[in-house]
Amino acid sequence: MSARRRARLGFAVLAAMCVTQAFPGTGVAQDLAVTGGTVYTGSGPALEGATVFIRDGRIAAVGPDVEIPPGTPSLDATGLVVTPGLVDAFTNLGLVEVGMVRSSVDFGMNDDPVRAAFDVVDGINPRSVLIPVNRSGGLTTVLSGPSGGLVSGQAAVIDLAGASLQEMLARPRAAMLASYGAGPASAVGGSRGAVSLRLRETLDDALYWRDHREDFDEGRSRSLSQSRLDLEALGPVLDGEMPLIVTVHRASDIEAVLRIAADYGLDLVIAGASEGWMVAARLADTGVPVIVKPLTNNPRGFDRLGSRLDNATLLHQAGVDVIISSFDTHNAHHIKLEAGNAVRMGLPWEAALRAVTLAPAQALGVGSEYGSLEPGKVGNVVVWTGDPFELSTRVESVVIRGRETSMDSRQKALLRRYREIDDERPAFKETGP
């Protein structure tokens, strides 16, 4: 781990403490014991017949011989599998309901390609019907972020339970999102060279603004390409306090992004990386985490001609810190199926579990709070009927911050409604001519 990443993780610990310190008093957190299951902690070997004891919303102890205080509510997981809650590092959860209905879409802005000051927090809807759907599939924590443009804006880490945004919010302004390739090129001049030019100009201006604020306020600074708010928002990115997640697919584009990140000392995370396997050694040397969707083998454009199903495996074998995402919102819980298919294509099972738990948490700066079942961490736990990456496995229970959550959702309500429809309508009576 690089010195910059260690420094950022230290900063993240302090930030997470400030943000999450309040949640035990929100009514979301409570005491709970999950007993008797096969526990995969996400950071060590499996524990047979173990207990996960949660006190005040945080894990207090994990192991086969944990003493549980009398009167503690419990979930019997005997014969079942227990894992950390799944973490998806790339969604729009809470920011969209119906993609084709503009009034229900809050993840973007239709103006300047550089939108660094755009913060999704105030647009997140904690009552989104998509949240229970994904939570009941084993997903407990996500990065909810903006989309579009060259620099899309600031994303937040949220837990998928709580009556208010304050109860759900784990870390605001957790990452800055950007894109590189044909998409942003069309918005800034038509070529990838224009993308690099615009991105470098923006970062240069952000550095200048950071060092000349007084001159700017007094009208004595040179002209700048972006607004004061956008330049200010990029400060934590330049200081290594906020990761820059760049969606990029073509191998040569990935190399271009790596050059820019090195020039400015950015804490970079690559997302997409359909051709990442082609530059796996370079990615491993730089220590940049890579978010992939394993079920990507059909090129959706000329920047993805090298897509292949074993991309995650080849990256892992090269030493890259692989993160798996659904790159979806309505069905983000399919992340477990993505991980299962990565295992089918050669990714070790333990690496797949890490890729949907601890690895994304660490990349988002919340690894000290999320991603594994260890004392002191937030009590997000999922109980499964079997291997979580098998299609036939069901989710038995989802625990978020020590509280067992509802497994109901709009999808299940619709299933009940239409399954019972024949019982509600009058019987059909055939009539003559």
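Keep in mind it's a predicted model, so treat the numbers as computed, not measured.

**Student:** What's the story with the nonpolar core in this structure? I'm lost.
**Tutor:** The nonpolar side chains of a soluble globular protein tend to be buried with one another. One finds Met176, Ile270, Leu283 and Ile324 to be the most contacted residues of the largest nonpolar core, which totals 86 residues. Counting residues per element, this core draws most heavily on helix H9 (residues 251-264), at eight residues. The residues contacting Met176, other than those within four sequence positions of it, are Ala116, Val151, Gly153, Gln154, Ala233, Leu234, Val237, Met242, Pro243, Leu244 and Ile245. By size, the runner-up hydrophobic cluster in this structure holds 21 residues, among which are Ala89, Val157, Ala174 and Ile291.

**Student:** What am I meant to see in the pattern of salt bridges here?
**Tutor:** Oppositely charged side chains are able to pair whenever their charged atoms sit close together. Under the definition given, this model contains 18 salt bridges. Of the charged contacts, one joins Arg58 and Glu369 as a salt bridge, the two residues approaching to 2.9 Å between their closest N and O atoms. Highlighted residues: Arg58 in strand E3 (residues 58-63) and Glu369 in the loop between helix H14 (358-363) and strand E14 (381-384), separated in sequence by 311 residues. Judged by its relative accessible area of 6%, Glu369 is buried. One salt bridge connects Lys377 with Glu374, and the closest N-O pair in it is separated by 3.3 Å. What makes Glu374 partly exposed here is its relative accessible area of 29%. When salt bridges with common partners are traced through the structure, they connect Arg192, Arg250 and Asp253 into a single cluster.

**Student:** Looking at this structure, I do not really get the packing of aromatic side chains. What am I missing?
**Tutor:** Inspection of every chain in the model, using the stated rule, returns three aromatic pairs. Taking the centre distance of 4.9 Å and the plane angle of 50 degrees together, the rings of Tyr40 and Trp349 count as tilted. In this pair, Tyr40 sits in the loop between strand E1 (32-39) and strand E2 (47-55) while Trp349 sits in helix H13 (residues 349-355), placing the two residues 309 residues apart along the sequence. You can call Tyr40 partly exposed: its relative accessible area is 24%. Both rings, one in Phe90 and one in Phe327, keep their centres 5.0 Å apart while their planes meet at 40 degrees; by these two values the pair is tilted. Taken as a pair, Phe90 in strand E6 (residues 86-91) and Phe327 in the loop between strand E13 (322-324) and helix H12 (335-344) lie far apart in primary sequence, 237 residues in all. Phe90 gets classed as buried once you look at its relative accessible area, which sits at 17%.

About the cut-offs
Residues take numbers from 1 onward in each chain, read along the sequence in its written order. Note on the predicted model: pLDDT of at least 70 is required for a residue's local features to be given, and 80 or more for side-chain atom pairs to be given and counted; whole-chain, interface and lining totals, by contrast, use all residues. Side-chain calculation: all heavy atoms of the structure are included, whereas hydrogens and water are not. By convention a nonpolar core is built from buried Ala, Val, Leu, Ile, Met, Phe, Trp, Tyr and Cys residues, the set being connected through side-chain atoms within 4.5 Å. Burial classification: accessible surface area is computed with a 1.4 Å probe over protein chains only, and a residue below 20% of its type maximum counts as buried, one above 50% as exposed, and the rest as partly exposed. A run of DSSP states H or I qualifies as a helix once it reaches four residues; a run of E qualifies as a strand once it reaches two. Both are numbered from the N-terminal end. Contact definition: two residues touch when any of their heavy atoms are within 4.5 Å. Criterion for a salt bridge: a side-chain nitrogen of Lys or Arg within 4 Å of a carboxyl oxygen of Asp or Glu. Working definition: rings of Phe, Tyr and Trp (its six-membered ring) pair if their centres are within 6.5 Å, and the pair is stacked with planes under 30 degrees apart, edge-to-face with planes over 60 apart, and tilted otherwise.

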